[in-house]
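In case you want the letters, here they are:
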Amino acid sequence: TPIKRFKNIAIVGGGNVAMDAARCAKRMGAENVYIVYRRSEAEMPARLEEVHHAKEEGIEFHLLRNPVKIIDDGNGQVCGIECLKMELGEPDASGRRSPVPVEGKFEILDVDTVISAIGQRCALEGFEALELNKKGIIAADETTFRTNLPDVFAVGDATNRGPGIAIAAIGEAN
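Because the structure is a prediction, the values reported are computed rather than measured.

Trainee: Explain the overall build of the protein to me, and be specific about the residues and the numbers.
Mentor: Within the protein, the secondary structure is distributed over three helices and seven strands. Listing the helices and strands of the protein from first to last along the sequence gives β-α-β-α-β-β-β-β-β-α. By sequence separation, contacts in the protein at least 24 residues apart represent 49% of the contacts at least 6 residues apart.

Trainee: Quick rundown of the pattern of salt bridges? Include the residues and the values.
Mentor: Going through the model one piece at a time under the given rule, you end up with seven salt bridges. Among the ionic pairs, arginine 65 bridges to glutamate 107, the shortest N-O distance being 3.2 Å. Remark: glutamate 107 occurs in strand β6 (residues 97-109) and arginine 65 occurs in strand β4 (residues 65-72); sequence separation between them is 42 residues. Judged by relative accessible area, which is 16%, arginine 65 ranks as buried. Overall, the relative accessible area of 17% leaves glutamate 107 in the buried class. Linked by salt bridges that have partners in common, Arg23, Arg27, Glu50 and Glu57 make up one network.

Trainee: Mind laying out the sheet that holds strand β5 (residues 78-91), listing which residues take part and the relevant values?
Mentor: Pairing in this open sheet of three strands is antiparallel, and the strands run β4-β5-β6 from one edge to the other. At either end of the open sheet lies a strand with only one pairing partner, and these are β4 and β6. The sheet shows a mean angle of 20 degrees between the axes of neighbouring strands, taken without regard to direction. Across seven bridges, the pairing between β4 and β5 is antiparallel. Note on β5: the bridge partner recorded for isoleucine 71 is glycine 80.

Trainee: Account for helix α1 (residues 16-27), naming residues and giving values.
Mentor: The periodicity of an α-helix, 3.6 residues per turn, causes residues three or four positions apart to be oriented the same way. When the terminal C-alpha atoms of α1 are compared, their 16 Å separation across twelve residues agrees well with the 16 Å that a helix rising 1.5 Å per residue should span. Among the residues making up α1, those that are buried are Asn16, Ala18, Met19, Ala21, Ala22, Arg23 and Ala25. In this structure, the buried residues of α1 make contact with β1 (8-12), β2 (32-37), α2 (48-56) and β3 (60-63). Taken from the residues just after α1, glycine 29 is the one with a positive phi, measuring 110 degrees.

Trainee: An account of the nonpolar core is needed here, citing residue identities and associated values.
Mentor: In this structure, Ile11, Met19, Val33, Ile35, Met44, Ile59 and Phe61 are the most contacted members of the largest nonpolar core, which totals 18 residues. Listed by contribution, the elements that provide at least two residues to this core are β1, α1, β2 and α2. With five residues, the top contributor of residues to this core is α1. Excluding its chain neighbours within four sequence positions, the residues that come into contact with isoleucine 11 are Ala18, Ala21, Ala22, Val33, Tyr34, Ile35, Val36, Ile115 and Ala117.

About the criteria used
- Residues numbered from 1 in each chain as written.
- Predicted model: local features only at pLDDT ≥ 70, side-chain atom pairs only at ≥ 80, totals over all residues.
- Heavy atoms only, no water.
- Helix = DSSP H or I, 4+ residues; strand = E, 2+ residues; numbered from the N terminus.
- Contact = heavy atoms within 4.5 Å.
- Salt bridge = Lys/Arg side-chain N within 4 Å of Asp/Glu carboxyl O.
- Buried < 20%, exposed > 50% of the residue type's maximum accessible area, 1.4 Å probe, protein only.
- Pairing = 2+ DSSP bridges.
- Axes fitted to C-alpha atoms, helices over the stretch in contact; angles between N-to-C directions.
- Expected span 1.5 Å × (residues − 1).
- Core = buried A, V, L, I, M, F, W, Y, C linked by side-chain atoms within 4.5 Å.

Next up, the structure:
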């Protein structure tokens, strides 16, 4: 079965994984690739060089936009993403200025694909006895990856420092 090529792709997120997904989509032949992020560029968690390279490769940034709805064409195919326009408010606990909705201000991007590249947390149901660090992430030995539970190991974004570069998580899994 041939792989369907998508033309217009929205990547939701502002971290390194979002930049990687956007650059890969562009390299695979997407005509238009958009980063949709709810804060400004200054608040993006992605490394500066990742953002720079994405811009060099033609990725378009739609900043201060918060997706609220994926629009379909009635046949189950994505045809757009509706975003609420945002403005920056006061800093949050991380020190970044919090996005605040601008009431009644929306933007619709015509896209045929939406990729979510936002931070997520582990589902720890059944593992409530695992020790978590102050960030609420699994605490694991940095060298052996052992947790406080016997015969339970944890690696990658689920542990210690939390989300980072995907290749680091892959390396820990080896």
